[in-house]
Amino acid sequence: MGYYYSYYTFGLPPFLFLIIALYLLFTGSGEAFNVGKFLEETNPFLWASTGIGLCIGFSVLGAGWGIFVTGASILGGGVRAPRISTKNLISVIFCEVVAIYGVIMGIVYSGKLAVVPEALMYTNENYYTGFAVFWGGLTVGICNLLCGISVGITGSTAAIADAADPNLFVKILVVEVFGSIMGLFGLIVGLLMVGSAEVFKPATQSLLSNVTASVF
């Protein structure tokens, strides 16, 4: 069962991708894999909006995952030692902070968006802003996802250990604090990535004239 699962999960998609790539290559349609053309023709607003969605989505997913793991252990350990229920809620708060990181960065990134006509959208500055917001949002989202899982598992361990020995709670809480800092690292990197990005602006008339002259 595990063999077939591994094959269909990791082996079949690359095999199908290789077959399609070889077919397009030998039928003279290899330009369909023109990555540069895809990046150039895709609207920068789409990249920025996708980055904001990934930032918030992955952050909330990490927070929810962590709260699920921690909450289950707190409820289970509270059956044996009811005293841990209130004290270990700090682990749930740490997980919730991960989602707050994502929402804050989503608000910051949304400040880079502006309504620009599509004909005036394709400038170097707008390309830079779109790609910066996309990769910044992806970076923040993945960091917060891993941070939420880390804090959730550590908080779960803290609850179980506290139920067995109250002296272990503070020691494991230190590890949990260091795990929560990873989300802060992602937030800082995300801010640095969009530090030089400008708000979407329409192309100027002089730029349009230069583009038209270069085409003709």
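This one's a predicted model, so the numbers in the text were calculated from it and none came from an experiment.

A separate point is the packing of helix H5 (residues 89–110) against helix H7 (residues 169–193). Packing of H5 against H7 brings their axes to within 11 Å, and their N-to-C directions diverge by 5°. What the angle tells us is that H5 and H7 run roughly parallel. Facing Ile90, Ser91, Phe94, Tyr101, Met105, Val108 and Tyr109 of H5, the residues of H7 in contact are Phe169, Leu173, Glu176, Val177, Ser180, Gly183, Leu184, Leu187, Gly190 and Leu191. A breakdown of the residues in the contact of H5 with H7 according to their chemical character gives 12 nonpolar, 4 polar and 1 charged.

So, about the nonpolar core. In terms of nonpolar packing, the biggest core is built from 15 residues, with Cys55, Met105, Tyr109, Val133, Val140, Val194 and Phe200 touching the most fellow members. The set of elements that each furnish at least two residues to this core consists of helix H3 (44–80), H5 and helix H6 (124–164). Setting aside chain neighbours within four positions, we find Val133 in contact with Ala48, Gly51, Ile52, Tyr109, Lys112 and Val194. By size, the runner-up hydrophobic cluster in this structure holds 9 residues, among which are Ala63, Phe94, Cys147 and Phe169.

Pairing of side chains with opposite charge becomes possible as their charged atoms draw close. Under the definition given, this model contains 3 salt bridges. For the salt bridge of Arg83 with Asp162, the shortest nitrogen-to-oxygen distance reads 3.2 Å. Here Arg83 is found in the loop between H3 and helix H4 (84–87), whereas its partner Asp162 is found in helix H6, with 79 residues between them in sequence. A relative accessible area of 41% means that Arg83 is categorised as partly exposed. By relative accessible area, which is 0% here, Asp162 ends up buried. Here Lys87 makes a salt bridge to Asp162, at a shortest N to O gap of 3.4 Å. Taken together, the residues span a long stretch of sequence, with Lys87 in helix H4 and Asp162 in helix H6 at a distance of 75 residues. Taken together, the shared-partner salt bridges in this structure form one network comprising Arg83, Lys87 and Asp162.

For an α-helix, the turn length of 3.6 residues means that residues three or four places apart are oriented alike. Relative to the 54 Å expected for 37 residues at 1.5 Å per residue, H3 spans 55 Å between its end C-alpha atoms, a close match to the ideal helical length. Its side-chain oxygen placed 2.9 Å from the backbone nitrogen of Phe45, Asn43 serves as the N-cap of H3.

When the UniProt feature table is mapped onto this chain, "transmembrane region" (unreviewed entry) is found at residues 7–26, 46–68, 89–111, 131–160 and 172–194. As annotated, residues 46–68 comprises 100% helix and 0% strand, and the C-alpha atoms at either end are separated by 32 Å. Between the end C-alpha atoms of residues 131–160 there is a gap of 44 Å, over a span that is 100% helix and 0% strand.

Our next topic: the packing of H3 against H5. One can describe the packing of H3 onto H5 by two numbers: an axis separation of 8 Å at closest approach and a directional angle of 175°. By the angle between their axes, H3 is roughly antiparallel relative to H5. Within the contact between the two elements, H3 uses Ile52, Cys55, Ile56, Ser59, Val60, Ala63, Gly66, Ile67, Thr70 and Ile74 and H5 uses Leu89, Ser91, Val92, Cys95, Glu96, Val98, Ala99, Gly102, Met105, Gly106, Tyr109 and Ser110. For the contact of H3 with H5, the residue count by class is 14 nonpolar, 7 polar and 1 charged.

A separate point is the environment of Ser59. The topology assignment puts Ser59 in helix H3. With 36 residues separating them in the primary sequence, Ser59 and Cys95 have C-alpha atoms 9.8 Å apart. Each residue touching Ser59, except ones within four places of it in the same chain, is listed here: Leu54, Val98, Ala99, Gly102, Val140, Gly141 and Asn144.

Here is what the cut-offs are and how they apply
Residues numbered from 1 in each chain as written. Predicted model: local features only at pLDDT ≥ 70, side-chain atom pairs only at ≥ 80, totals over all residues. Heavy atoms only, no water. Axes fitted to C-alpha atoms, helices over the stretch in contact; angles between N-to-C directions. Helix = DSSP H or I, 4+ residues; strand = E, 2+ residues; numbered from the N terminus. Parallel < 35°, antiparallel > 145°, perpendicular 65-115°, else oblique. Contact = heavy atoms within 4.5 Å. Nonpolar A, V, L, I, M, F, W, Y, C, P; charged D, E, K, R; others polar. Core = buried A, V, L, I, M, F, W, Y, C linked by side-chain atoms within 4.5 Å. Buried < 20%, exposed > 50% of the residue type's maximum accessible area, 1.4 Å probe, protein only. Salt bridge = Lys/Arg side-chain N within 4 Å of Asp/Glu carboxyl O. Expected span 1.5 Å × (residues − 1). Polar contact = N/O pair within 3.5 Å; in protein donor to acceptor, adjacent residues only side chain to side chain. UniProt positions renumbered as here; feature names shortened; annotations may be inferred.

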